[in-house]
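Structural features, examined
This is what each chain is made of:
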Amino acid sequence: MIWMSWRQFRTQAVVGAVALTVLAICLVILGMQLRHSYDAALALCQGRGDGCAGVMNEFSQRYSTRLYLLDGLLIVVPGILGTFWGAPLVARELEAGTHRLVWNQSLTRRRWLAVKLLVVGVAAMAVTGLFSLLLTWAASPYDQVTGDRFTGLLFGTRNLVPVAYAAFAVVLGAILGLTIRRTVPAMALTIVVFAVAQIAMPMLIRPHLLPPVSVTQPMTAETVRNLSSMKADATVRGVQIPGAWVVSHGELLTSNGEPVEPTRYHECVLLGPDAVPECLAGLDLHVEGAYQPADRYWSFQWLEAAIFLALGGLLLGLGLWRIQGRFR
């Protein structure tokens, strides 16, 4: 059964291997370029008193576009594999009627489904895992400089979670094909469901996987300069903790915990962008927020991977139960 499943799948496997080889060559070249540029940036930093901020910012800007394109590609690869490898896996057999020949042999239906999913699922996990491994290696100098591994796009394209995404997507596509029994509708629905899962996880589920740590951030002049934005209602955005994931922050508070008076805040804002940091720092303000420490990164990776693998396991169990129904 494994040999037969492989023969049915070998064309897709060859296409995947060729695409992965091309990506591997590009990523190795990019990784070497990144390391050379990073070493050059470190050399320029010697003797500088500004903490290398300007040099490292130039380094990250130089490669950000290429890395974001690769990140975007990897984030959709599991969905592509689930759509084009998983969805037709069973639906195509049911449409063509070839399942009857197999089911009339000594092979059970459940074993037939399990073996087909094993072959295609392992292949999808291998392709996605190798892509993720190469991208994680190539982008490591960039990730070290930016320190934003928790962001939605980067977190989903590094280390373990892309492999779990691939396993879930393939099983999802196969079970939808088993249920709908039509290849094209199963492929379309696989895209929709996987996209919803990819959006819901970082926005609704990931922030609650572990309880955040509360923090009070003093609004020093340097902190104000590094903010991404300040709003007219005395709230701020962009408070950063190196390497951590800031979950929430907002209103500017005085030393006694009361909201800052709008008139005093606007007096500082009206002074102009150059004078705002020192003016606000003189008001002794702070922001209360919550964050996930940098050392929880791998905990989040394992938890999210476990969730998607568990969902894939539940779908597989549903498929093994469903296939025992009345198919003609």
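Residues numbered from 1 in each chain as written. Predicted model: local features only at pLDDT ≥ 70, side-chain atom pairs only at ≥ 80, totals over all residues. Heavy atoms only, no water.

1. Quick notes on a nonpolar patch on the surface
A surface patch of nonpolar side chains, about 450 Å² in accessible area, is lined by Ile180, Leu189, Ile191, Val192, Val193 and Val196. For the nonpolar patch, the element with the highest residue contribution is helix α8 (residues 183–205), accounting for 5 residues. With respect to the element layout, Val196 can be found in helix α8. Taking the relative accessible area as the measure of exposure, Val196 reaches 52% and is therefore exposed. (Patch = residues over 30% accessible without salt bridge, like charges linked within 9 Å, V, L, I, M, F, W, Y side chains within 5 Å. Areas by Shrake-Rupley, 256 points an atom, 1.4 Å probe, with all protein chains shown as cover. Salt bridge = Lys/Arg side-chain N within 4 Å of Asp/Glu carboxyl O. Helix = DSSP H or I, 4+ residues; strand = E, 2+ residues; numbered from the N terminus. Buried < 20%, exposed > 50% of the residue type's maximum accessible area, 1.4 Å probe, protein only.)

2. Considerations on the sheet that holds strand β5 (residues 286–292)
Pairing is antiparallel across the open sheet formed by 3 strands, whose spatial order is β1-β5-β4. In this open sheet, the two strands that pair with only one neighbour each are β1 (213–218) and β4 (245–248). When strand polarity is set aside, the average angle formed by the axes of neighbouring strands in this sheet is 50°. In terms of strand pairing, β1 meets β5 through 6 bridges, oriented antiparallel. Across the sheet, residue Thr216 finds its bridge partner in β5, namely Glu288. (Pairing = 2+ DSSP bridges. Axes fitted to C-alpha atoms, helices over the stretch in contact; angles between N-to-C directions.)

3. Let's talk about the packing of aromatic side chains
When we look at a pair of aromatic rings, we describe it by the centre distance and by the angle of the planes. Inspection of every chain in the model, using the stated rule, returns 10 aromatic pairs. Between Tyr38 and Phe59, the ring centres sit 5.8 Å apart and the planes meet at 55°, which makes this aromatic pair tilted. Of this pair, Tyr38 sits in helix α1 (residues 2–45) while Phe59 sits in helix α2 (residues 53–96), and the two are 21 residues apart along the sequence. The rings of Phe150, Phe155, Tyr297, Trp298 and Phe300 are connected pair by pair, giving a single aromatic cluster. In this structure, Arg35 is placed above the aromatic ring of Trp137, and the distance from its NZ or CZ to the ring centre is 4.2 Å. Positioned over the ring face of Tyr297 is Arg149, at 3.8 Å from the centre of the ring. (Phe/Tyr/Trp six-rings, centres within 6.5 Å; stacked < 30°, edge-to-face > 60°. Lys NZ or Arg CZ within 6 Å of the ring centre and 35° of its normal.)

4. Some details on the UniProt feature "transmembrane region" (unreviewed entry) in the protein chain
UniProt records the feature "transmembrane region" (unreviewed entry) for residues 12–34, 67–91, 112–139, 159–179, 186–205 and 300–321 in the present numbering. In this annotation, residues 186–205 is assigned 100% helix and 0% strand; the end-to-end C-alpha distance for the span is 26 Å. The annotated region residues 300–321 carries 100% helix and 0% strand content, and the separation between its end C-alpha atoms amounts to 32 Å. (UniProt positions renumbered as here; feature names shortened; annotations may be inferred.)

5. Points about the packing of helix α7 (residues 161–180) against helix α12 (residues 297–322)
Two elements in contact, α7 and α12, have axes whose closest approach is 8 Å; the angle formed by their N-to-C orientations is 20°. Comparing their axes, α12 and α7 come out roughly parallel. Viewed along their axes, α7 and α12 form a crossing whose handedness is left-handed. Residues Val161, Ala164, Tyr165, Ala167, Phe168, Val171, Leu172, Ile175 and Leu178 of α7 lie in contact with α12, whose contacting residues are Gln301, Glu304, Ala305, Phe308, Leu309, Leu311, Gly312, Leu315, Leu316, Leu318, Gly319 and Arg322. By residue class, the composition of the contact of α7 with α12 is 16 nonpolar, 3 polar and 2 charged. (Parallel < 35°, antiparallel > 145°, perpendicular 65-115°, else oblique. Left-handed = near helix turned anticlockwise from the far one by under 90°. Contact = heavy atoms within 4.5 Å. Nonpolar A, V, L, I, M, F, W, Y, C, P; charged D, E, K, R; others polar.)

6. What about the side chain of Thr128?
Positionally, Thr128 belongs in helix α4 (residues 109–138). Ignoring any residue separated from it by four or fewer positions in sequence, one finds Thr128 in contact with Leu74, Val77, Pro78, Leu81, Pro162, Val163 and Ala166.

7. Describing the pattern of salt bridges
Scanning the entire structure with this criterion turns up 5 salt bridges. Between Glu58 and Arg62 there is a salt bridge, and its shortest N-O distance comes to 3.9 Å. Of this pair, Glu58 and Arg62 both sit in helix α2, separated by 4 residues, roughly a single helical turn. Take Arg62: its relative accessible area is 43%, and that puts it in the partly exposed class. Put simply, Asp71 and Arg158 hold a salt bridge, and the shortest N to O gap is 2.7 Å. Placement of the pair is Asp71 in helix α2 and Arg158 in the loop between α6 (152–155) and α7, with a sequence separation of 87 residues. For Asp71, a relative accessible area of 1% translates into the label buried. Overall, the relative accessible area of 2% leaves Arg158 in the buried class. One salt-bridge network, held together by shared partners, links Asp71, Asp143 and Arg158.

8. A short note on α8
Across its 23 residues, α8 extends 31 Å between first and last C-alpha, which sits within 8% of the 33 Å expected from 1.5 Å per residue. Taken as a whole, α8 carries its principal kink of about 25° at Ile199; the proline Pro202 stands between one and four residues after it. Among all positions in α8, only Thr183, Ala186, Met187, Thr190, Phe194, Ala197, Gln198 and Met201 are buried. (Expected span 1.5 Å × (residues − 1). Bend = angle between axes of the 7 residues up to and from the residue.)

9. A few points about unusual backbone geometry
Phi is positive for Asn159, which is not a glycine, with a value near 60°. With respect to the secondary-structure elements, Asn159 resides in the loop between α6 and α7. In the Ramachandran plot, Arg181 falls in the positive-phi region, its phi being about 70° despite a non-glycine side chain. Mapped onto the elements of the fold, Arg181 is located in the loop between α7 and α8.

10. Concerning the environment of Lys116
The residue Lys116 is located in helix α4 in this model. Since its relative accessible area comes to 4%, Lys116 is described here as buried. Remark: the alpha-carbon pair of Lys116 and Leu89, spanning 27 residues in sequence, is separated by 7.5 Å.

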